[in-house]
Amino acid sequence: MITLARLDHVVFRIADIERSIAFWRDVLGCTVEKVQEDLGLWQIRAGEALIDLVTVDGKLGARGGAAAVREGRNVDHVCLRVDPWDEDAIAAHLERHGVPIWERGNRYGSEGMGPSFYIPDPDGNVIELKGPALPGTRV
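As a starting point, this report considers the structure included with it.

Scoring rules and cut-offs
Residues numbered from 1 in each chain as written. Predicted model: local features only at pLDDT ≥ 70, side-chain atom pairs only at ≥ 80, totals over all residues. Heavy atoms only, no water. Pairing = 2+ DSSP bridges. Helix = DSSP H or I, 4+ residues; strand = E, 2+ residues; numbered from the N terminus. Axes fitted to C-alpha atoms, helices over the stretch in contact; angles between N-to-C directions. Contact = heavy atoms within 4.5 Å. Patch = residues over 30% accessible without salt bridge, like charges linked within 9 Å, V, L, I, M, F, W, Y side chains within 5 Å. Areas by Shrake-Rupley, 256 points an atom, 1.4 Å probe, with all protein chains shown as cover. Salt bridge = Lys/Arg side-chain N within 4 Å of Asp/Glu carboxyl O. Buried < 20%, exposed > 50% of the residue type's maximum accessible area, 1.4 Å probe, protein only. Polar contact = N/O pair within 3.5 Å; in protein donor to acceptor, adjacent residues only side chain to side chain.

1. Observations regarding the sheet that holds strand E6 (residues 103-109)
Ordered in space as E5-E8-E7-E6, the 4 strands form an open sheet in which the pairing is mixed. Sheet topology places strand E5 (78-81) and E6 at the edges, where each strand pairs with a single neighbour. Taking each pair of neighbouring strands and ignoring which way they run, the sheet shows an average axis angle of 35 degrees. Lying on the sheet, helix H2 (residues 87-96) is in contact with E6, strand E7 (112-120) and strand E8 (126-130); it crosses E7 at an angle near 10 degrees.

If you want it as structure tokens, here you go:
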């Protein structure tokens with residue numbers, strides 16, 4: 001039997017490593033944890049999980065073919081829980097960095113129904129930023 005505990009990491013194939021690191025570091029507050037340039041791999045710490053960035057022309061990324069585009073993604077979105085959640089401050093921060101909020105609303109997640117934003121990363125991957133569940137909304 002398999003018992004899943006949490007998300008360990010997600011791998012995004014990206015076109016421009018500097019642009020992607022700036023997004024994950026400067027906009028979302030992540031840190032670069034490990035770099036393996038020979039593989040074209042940068043590992044970014046996101047709370048308890050890692051976001052792996054592999055360049056599309058690197059050893060690992062080239063296995064996936066052409067870079068993803070908004071009309072041809074292979075993942076719908078990845079959701080990151082944000083704590084603390086200050087909706088106005090987060091929205092203002094994203095605006096200062098030129099990151100649009102594509103959708104805003106309450107959505108169901110692992111803790112229940114709560115606030116979230118959908119935003120794009122520099123390569124067109126959709127990132128959901130998720131706040132805490134509203135009381136009594138977990139099924």
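2. Remarks on a nonpolar patch on the surface
On the surface, a nonpolar cluster with roughly 260 Å² of combined accessible area is contributed by Tyr108, Met113 and Leu134. Inspection of the secondary structure puts Leu134 in the segment after E8. We classify Leu134 as partly exposed; its relative accessible area is 39%.

3. Looking at the pairing of E7
Along E7, 8 of the 9 residues are buried, which leaves the element largely enclosed by surrounding structure. Here 7 bridges tie E6 to E7, and the two strands are oriented antiparallel to one another. Among the inter-strand pairings, Arg107 is bridged to a residue of E7, identified as Gly114. Taking the residues between adjacent antiparallel strands as the criterion, E6 and E7 are bridged by 2 residues. Where E7 and E8 come together, 5 bridges link them in antiparallel fashion. Each residue of the ladder has a partner; that of Ile119, found in E8, is Ile127. The antiparallel pairing of E7 with E8 creates a hairpin that spans 5 residues between the two strands, and Gly124 there sits at a positive phi of about 90 degrees.

4. Looking at helix H1 (residues 17-27)
Those residues of H1 lying buried are Ile17, Ser20, Ile21, Phe23, Trp24 and Val27. Of the residues that open H1, the one with a side-chain oxygen 3.1 Å from the backbone nitrogen of Glu18 is Asp16. Where H1 terminates, the next one or two residues include Gly29, which has phi positive at roughly 75 degrees.

5. Concerning the pairing of strand E3 (residues 41-46)
The buried count for E3 comes to 5 of 6 residues, which makes it a mostly enclosed element. Bridge count between strand E2 (residues 31-36) and E3: 5 bridges; the pairing is antiparallel. Bridging across to E3, Thr31 finds its partner in Arg45. Taking the residues between adjacent antiparallel strands as the criterion, E2 and E3 are bridged by 4 residues, where Gly40 takes a positive phi near 75 degrees. Sheet analysis places E3 next to strand E4 (residues 49-55), joined by 6 bridges and oriented antiparallel. Residue pairing across strands places Trp42 opposite Leu53, the latter belonging to E4. Where E3 hands over to E4, the hairpin turn is made up of 2 residues, of which Gly47 adopts a positive phi near 65 degrees.

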